[in-house]
Amino acid sequence: KLFCHPVTKLDTGCAGLCALAISQEDIGNLDSLRVCYTFTTLVHGRLPETWKNGIYAKTPTNGVRQWKRQKKETNGAEDLDPSITLSTTELDLENAIFIKPVDVLSISGTEEQSDQFVSTLTASSRHDDGRLANVIPYVLRKLGHPVVNDRFAKREYSCLPRKMKNILKQKMCIGCYTLDVEFEGVTQTVATEAHKRTQCIFWRHTLER
């Protein structure tokens with residue numbers, strides 16, 4: 001008889017991979033399970049040169065769901081969160097996110113705007129106290145690089161080329177496309193192709209047409 005039980009979940013609207021237990025026996029042994037989630041996302045701006053080899057960002061300490069309570073937030077990059085600190089020294093991914101730049105693209109915005117940039121990056125973490133598809137955009141927003149189509153980054157979104165906005169619609173450009181699952185001493189990596197809307201190379205070809 002087919003059996004499966006969700007071990008990890010994704011937020012509504014976030015595409016990607018989930019871990020499943022496929023037997024009743026596995027459910028009883030989940031204390032030994034460790035999952036590292038790697039999200040791919042498209043963000044506004046060119047990432048700092050100091051991030052090129054990757055950077056660690058501590059996850060917020062004053063409540064990982066705090067962004068849901070911030071009704072007044074309109075452009076998160078303007079209000080810094082002092083609990084989010086950066087480090088080039090390796091941090092425990094249970095309480096941190098490892099951000100790694102992948103690609104960058106210069107794009108032409110509206111007629112009133114000069115050229116701007118979008119960047120593809122990966123963000124990896126084992127942080128399980130909150131939903132990472134909300135935690136990561138919050139952290140990136142506070143670091144000045146909101147995810148494309150983040151509802152708190154409407155000003156940045158408004159400056160994108162019309163052709164790009166017509167394709168994006170209401171889809172936030174983030175997804176979980178790699179899982180490193182450690183269970184009973186064995187680690188297995190499962191990965192799938194990231195959605196094209198998170199990739200600079202897709203937008204490079206699309207906007208050149």
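Residues numbered from 1 in each chain as written. Predicted model: local features only at pLDDT ≥ 70, side-chain atom pairs only at ≥ 80, totals over all residues. Heavy atoms only, no water.

Draft legend 1. Broad picture of the nonpolar core. Of all hydrophobic cores here, the largest spans 41 residues; its most connected members are Phe-39 and Val-118. For Val-118, the residues in contact, after removing those within four places along its chain, are Leu-42, Val-43, Gly-45, Asp-103, Val-104, Leu-105, Ile-107, Val-148, Leu-160, Met-164 and Cys-200. (Core = buried A, V, L, I, M, F, W, Y, C linked by side-chain atoms within 4.5 Å. Buried < 20%, exposed > 50% of the residue type's maximum accessible area, 1.4 Å probe, protein only. Contact = heavy atoms within 4.5 Å.)

Draft legend 2. Molecular detail of the pattern of salt bridges. Throughout the structure, instances matching the rule amount to seven salt bridges. Of the charged contacts in the structure, one is a salt bridge between Arg-34 and Glu-94, with a shortest N-O distance of 3.5 Å. One end of the pair, Arg-34, is in strand 4 (residues 34-44); the other, Glu-94, is in the loop between strand 6 (86-87) and strand 7 (96-107), and 60 residues separate them in sequence. Classification of Glu-94 by relative accessible area gives partly exposed; the value is 30%. Residue Glu-49 is joined to Lys-52 by a salt bridge in which the shortest nitrogen-to-oxygen separation is 3.6 Å. A relative accessible area of 49% means that Lys-52 is categorised as partly exposed. Residues joined in a network through salt bridges with shared partners are Arg-34, Asp-92, Glu-94, Arg-126 and Glu-182. (Salt bridge = Lys/Arg side-chain N within 4 Å of Asp/Glu carboxyl O. Helix = DSSP H or I, 4+ residues; strand = E, 2+ residues; numbered from the N terminus.)

Draft legend 3. View of the environment of Val-135. With respect to the element layout, Val-135 can be found in helix 2 (residues 132-142). Taking the C-alpha atoms as reference points, Val-135 and Thr-59, 76 residues apart in sequence, are found 7.7 Å from one another.

Draft legend 4. A look at the pairing of strand 8 (residues 116-125). Burial analysis of strand 8 places eight of its ten residues in the buried class, the great majority of the element. As defined by bridge partners, strand 4 adjoins strand 8 across eight bridges and the pair is classed as antiparallel. Note on strand 8: the bridge partner recorded for His-44 is Val-118. As paired strands, strand 7 and strand 8 are joined by nine bridges and run antiparallel to one another. (Pairing = 2+ DSSP bridges.)

Draft legend 5. View of the environment of His-145. On the secondary structure map, His-145 appears in the loop between helix 2 and helix 3 (154-158). Taking C-alpha positions, His-145 is 9.7 Å from Glu-156, a pair spaced eleven residues apart along the chain. Those residues within four positions of His-145 in sequence are excluded, and the remaining contacts are Val-43, His-44, Gly-45, Arg-46, Leu-47, Pro-48, Trp-51 and Leu-140.

Draft legend 6. Helix 2, seen in detail. The buried fraction of helix 2 is high, at ten of eleven residues. Of all the positions in helix 2, only Leu-132, Ala-133, Val-135, Ile-136, Pro-137, Tyr-138, Val-139, Leu-140, Arg-141 and Lys-142 are classed as buried. Residues of helix 2 that are buried make contact with strand 4, strand 5 (55-58), strand 7, strand 8 and strand 9 (174-183). With its phi angle positive at about 95 degrees, Gly-144 sits one or two positions after the end of helix 2.

Draft legend 7. Highlighting the layout of surface pockets. Approximately 550 Å³ is the volume attributed to the largest pocket. For the largest pocket, the lining is made up of 23 residues, of which Asn-134, Asn-149, Asp-150, Arg-151 and Met-172 are closest to its centre. Residue assignment for the lining of the largest pocket shows that the elements contributing at least two residues are helix 2 and helix 3. Considering each element in turn, the lining of the largest pocket owes the most residues, five residues, to helix 2. (1 Å grid on protein atoms, 1.4 Å probe; cavity = no way out; pocket = protein on both sides within 12 Å on 5 of 7 lines; lining within 4 Å. Points joined across faces, edges and corners; volume = space filled by probe spheres on them.)

Draft legend 8. Here's a closer look at helix 5 (residues 200-208). Along helix 5, the positions that sit buried rather than exposed are Cys-200, Phe-202, Trp-203 and Thr-206. Along the axis of helix 5, the buried residues cluster in a sector spanning 155 degrees; they form a single face. Considering only its buried residues, helix 5 is in contact with strand 4, strand 7, strand 8 and helix 4 (162-168). (Arc of directions from axis to C-beta.)

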